[in-house]
Amino acid sequence: MFCGVTLKAQKKDTRPAKIDSTLTADSLSAMKVLTAAQKDSIRLSRRTQTMVGSDGAATIQRADSLFQRTDTFSLRLSKDTLDAPVNYEAEDSAVILAVAKKIILYGKGKTVYKDITLTAPQIELNQQTSLVSAYNNRDSLGEVITRARFEQAENKFESDTIRYNFKTQKGLTQNTFTNQQEIFIQGELIKKVDSVTVNISRARFTTCELDEPHFAFRANKMKVINNKVGVSGPVHPEFEGVPVPVYLPFGYYPLSKGRRSGMLPPQFTATENQGIGLQGIGYYKVLNDNFDATIRGDLYSYGAWRADVATSYRFRYRSSGSLNLSYQNTKVNFKGDPDYFKTKTFFITWGHSMDQRARPGVNFSASVNAGSTRFNRLQLNSAQRAFQNQLGSSITYSKTWKDKPFNLTLAANHNQNNETRLINVMLPEGSFSVNTIYPLERKEENAIGAQKWYEKLGIGYQGSFRNQVSFYDSAFSTRQLLDTLQWGAVHNIPLTVALPSLGPLIVSPSISYQQQWMMRRQSLAWNQNNLKIDTTIEKGFYAAHSLSFGVGVNTSFFGTYQFKKSRVIAIRHTVRPTFSLSYSPNLAKNYYSEVQVTNSGEFIPYNLYEGNLYTGYSNTEFGGIGFGIDNVLEMKKRSKKDTVERKIRLIDGFGFSSNFNFLQPEYKLGDFNLYLRSNLFDKINLNVTTNLSPYAYDTIGRRISRYAWRDGVKLGQLTNGSLSLSTSFRSKPRDASKPAQPTHTNSNAISDPTLLGDQQRLADYMRRNPAEFVDFNIPYDFSVDLAVSFFRPFDTKTRKFRTEFNSSLNFRNSFSLTPKWNFSTNGYFNLDDKKLEMFTVAINRDMHCWQMSIAITPVGFQRYFNITISPKSSLLQNLKVNRTRIFNNF
């Protein structure tokens, strides 16, 4: 196909003209052919069209005549023909030199050939050589205003001068700027070998995006394969244009995207008790599209070492997870030192999740976090983990049958206390349930008229079993482990009736039967000779039963107080009273007995099933009522700026609950459970619970059957309670268009169980390198957590109840005095001892393409300081100046 250049004669106009046309390699040749034809006296009128076929024959057709005259001639294709058209345009003007086979574009010229786009202030196209040249323009002072720009797929660069051959795809550029991912490259002379490879002479590359970068690396020769690799000869750094006389013999720069295998560089550190060390040295290996593995190690001069193996896997639309194994050999000081000790510990984390689309109705998940009880305490660079005393794990398989009311769950669970060093393993553990079914309900094809009350009679089932072993990791043996083996099961069969509401009242009658299975029974007897209690254990199969009947009634009502001439429109108080009437016979009196505890003949009751996983039921007959009141307080407020009304929940709930047993000979009134919970203004999260006993106590701390208010105005005795308060305040970002960055104060946001190992490693790395995770866009960020609990034991010395508190305060904050300086603190304060248990302060400086961090922990189980100066780019994150010193209190 032939496409010619169409030129239109116009009057002279000084306004900029935009030329838009299409050029093939044969365009200029075709113009010469037509010129030769004119010399042969073939005259074409205004209404004559010339068409050239694919065979080179030209057809001349006159549109206003009744006949057609065809004249043909041969058209030979030039040897310099291209295999695709060249589209070009210019904002100012285009000069076509037909004899020289050149086109010159002025003013924002643009040329497109296949996937190549070239824009420049001036472009010259040469048909004979298939060469295109592009030039920049400068101002009167010689400064570059606009550079020539070349784009081909992902290959983009700007130059002062570009010369490129369309056929050979080779080119030569001068003073070129380009970037590969995060690396910005400048070359005085660049030769484009093919579509993906370039050779650079006198190269400068950096991760700073400024035209005059703060730092860079210089190399006389460099070769770059687009998005794969860059290789250079001898290279040296420079700062602010000043060269540093430190040379490397060659440079190798991976530029490929995605995962790739490679070495993981270490970090130098110095510890007080383990000497000088290398932390984090290792190797990352991509096994295939689904698996990868990371091996890391720590080495210390006193002989201590640690090894970590982490693997992750991901199968699309099926499952994903990660497994992490850690083993550390701790040696503190040298042999012969009074503080020398040696120990070996391990830790394992495994997270697994299953895509619900893989097998609908079936789920398998795992969240394992287990290991030696002293592992966290012996870890270096982790002051926070030293305070993590409670650990737990869960591996769960669940299945729900489609169109059937059955549910099955099988699990293996674990918990451990690192302070007491007690470990409990529950394996296996399971439950099976049947959702409420209505056996008397009519089938849909026979359903005529309203339902009868008995058709709403429902029955269900919940059953569970558990096996458990317990041991101390400091005194572990297989024989003792088998001695601690326990098993048990519990069954529950509820009967319910869904009655229609009686006006504002909702009535819910119910019947429930429960049964527990135990594996042993104990008998206690007073030994008069040794003046102690002897215990006899009888293993076997034992069962405990419970039966209850009840009916519950609940309703709700509210009141509203309206405000006038105020931004507060109204306050609404909602009250939800509950009332229940129930009866439970005493089926537990057969496994309760009494034992003598003193030589004077004093007896106390005890449970024969005490020490089992399930210990039976209460040794009481209950026939009475349960009652309680729940309150909700809400406010409707008008905005300052407009008339939009906003509802604010002031108190999510506050109230009490208790019961009264008519069949109990004494202590008929039960304890009062008081509570208050609120998330005020979505900022302050408050939760308060306490227990109030309405009875008086004698001089030795025993409860007596007399109400406390009979002795005065006191309503009762507070026996225990807890308070938790948490709040956080975060300012608006300086620049809302920038995305929020993860910081060392919000690193716990990760909740995916498949990332447990990655989460812990990331948290440790963020704490050691806080400057890399500081969000300078946030002026301030503050959060505090307060936890207070108390209980009131009887003091036999003072003959009074004393109050014992357990309270702690966690705080985290970050604030920026300027857009470039950030200060952050993190600490744990023990309010009981009035002692700061752990405190960390960090100072961070944003230096554009570099960052600086100074972190100090002067107080805590682990004390350390860290100074780091490193580039921001992730490609150069290991090119850092680091100084770390650790002091441990083992």
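As the structure is a computational prediction, the values presented were derived from the model and not from experiment.

### Structural notes on the overall build of the protein
No. 1: Along the backbone of the protein there are 4 helices and 56 strands.
No. 2: Split into buried and exposed, the 890 residues of the protein put 36% on the buried side.
No. 3: Pairs at least 24 residues apart make up 51% of the contacts formed inside the protein by residues separated by at least 6 positions.
No. 4: Total accessible area computed for the protein in this model is approximately 52100 Å², and 56% of it derives from carbon and sulfur atoms.

### So, the confidence of the model for the protein
No. 1: Residues with a pLDDT of 70 or more make up 85% of the protein, whose mean pLDDT is 82.
No. 2: Summarising per-element confidence for the protein, the mean pLDDT is lowest in strand β2 (residues 48-52) (39) and highest in strand β31 (residues 406-417) (94).
No. 3: Segment residues 23-67: pLDDT under 50, and 73 contacts once partners within four positions in sequence are set aside and those in other chains are kept.
No. 4: Note on residues 744-757: pLDDT under 50 across the span, and 33 contacts to partners over four residues away in sequence or across chains.

### Some remarks on the pattern of salt bridges
No. 1: Counted under the stated rule, the structure contains 24 salt bridges.
No. 2: Residues Glu455 and Arg442 are paired through a salt bridge, measuring 3.0 Å at the closest nitrogen-oxygen approach. Of the two residues, Glu455 is situated in the loop between β32 (422-437) and β33 (457-472) and Arg442 in the loop between β32 and β33; the sequence distance between them amounts to 13 residues.
No. 3: Look at Glu455 and you get buried, because its relative accessible area is 3%.
No. 4: Under the relative-accessibility criterion, Arg442 is labelled partly exposed at 29%.
No. 5: Overlapping salt bridges, with partners in common, bring together Arg138, Arg147 and Asp160 in one network.

### Focus on the pairing of strand β55 (residues 862-871)
No. 1: In this structure, strand β54 (residues 850-859) lies alongside β55, joined through 8 bridges in antiparallel fashion. Across the sheet, the residue bridging to Ile854 is Ile867, located in β55.
No. 2: What sits between β54 and β55 in their antiparallel hairpin is a turn of 2 residues, with Gly860 showing a positive phi close to 140°.
No. 3: Examined bridge by bridge, β55 and strand β56 (residues 881-888) share 8 bridges and lie antiparallel to one another. By the bridge assignment, Ile869 is partnered in β56 with Val881.

### Some remarks on the side chain of Asn866
No. 1: Mapped onto the fold, Asn866 is located in strand β55.
No. 2: We classify Asn866 as buried; its relative accessible area is 2%.
No. 3: Side chain to side chain, Asn866 and Thr884 meet in a polar contact 2.7 Å long.

### Remarks on the environment of Ser201
No. 1: Take Ser201: it is sitting in strand β16 (residues 197-206).
No. 2: Residue classification places Ser201 among the partly exposed positions, given a relative accessible area of 22%.
No. 3: Residues Ser201 and Glu188, spaced 13 residues apart in sequence, show a C-alpha to C-alpha distance of 6.2 Å.
No. 4: Contacts of Ser201, omitting those with residues within four sequence positions, involve Gly187, Glu188, Leu189 and Asn220.

### Let's talk about the packing of aromatic side chains
No. 1: Applying the stated rule across the entire model yields 34 aromatic pairs.
No. 2: Pairing Phe150 with Tyr164 gives two aromatic rings, centres 5.1 Å apart and planes at 55°, and the pair type is tilted. With Phe150 in strand β11 (residues 148-152) and Tyr164 in strand β13 (residues 161-165), the pair connects residues that are 14 residues apart, well separated along the chain. The pair Phe150 / Tyr164 is uniform in exposure class, with both members buried.
No. 3: Relative to Phe406, the ring of Trp401 has its centre 6.3 Å away and its plane inclined at 80°; by these criteria the two rings are edge-to-face.
No. 4: Residue classification places Phe406 among the partly exposed residues on the basis of a relative accessible area of 30%.
No. 5: In textbook terms, an aromatic cluster arises when at least three aromatic residues are bridged by ring pairs, as seen for Phe205, Phe215, Phe217, Phe239, Tyr253 and Trp850.
No. 6: Between the NZ or CZ atom of Lys399 and the centre of the ring of Trp401, over which it lies, the distance is 5.3 Å.

About the thresholds
Positions within a chain are numbered from 1, following the residues in the order the chain's sequence is written. In keeping with the predicted nature of the model, local features appear solely for residues at pLDDT of at least 70, side-chain atom pairs appear and are counted solely at 80 or more, and the whole-chain, interface and lining totals rest on all residues. Each side-chain value is derived from all of the structure's non-hydrogen atoms; neither hydrogens nor water enter the calculation. Labels follow the DSSP assignment, with helices taken as runs of H or I lasting at least four residues and strands as runs of E lasting at least two, numbered in each case from the N terminus. Working definition: with a 1.4 Å probe on protein chains only, accessible area under 20% of the residue-type maximum means buried, over 50% means exposed, and in between means partly exposed. What makes two residues a contact is simply this: any of their non-hydrogen atoms within 4.5 Å. The accessible surface values rely on the Shrake-Rupley method and a 1.4 Å probe; as for residues, cover is taken only from the protein chains in view. pLDDT expresses, on a scale from 0 to 100, how confident the predictor is about each individual residue. By definition, a salt bridge exists where a carboxyl oxygen of Asp or Glu is found within 4 Å of a side-chain nitrogen of Lys or Arg. Pairing between two strands is assigned when DSSP locates at least 2 bridges connecting them. Throughout this description, a polar contact denotes any pair of N or O atoms lying within 3.5 Å of each other; where both atoms belong to protein, one of them has to be capable of donating a hydrogen while the other can accept it, and for residues adjacent in sequence the pair is counted only when both atoms sit in side chains. Within 6.5 Å between ring centres, the rings of Phe, Tyr and Trp (the latter by its six-membered ring) count as paired, and their orientation is classed by plane angle as stacked under 30 degrees, edge-to-face over 60, tilted in between. A ring has a charge above it when a Lys NZ or an Arg CZ is no more than 6 Å from the ring centre and no more than 35 degrees off the ring normal.

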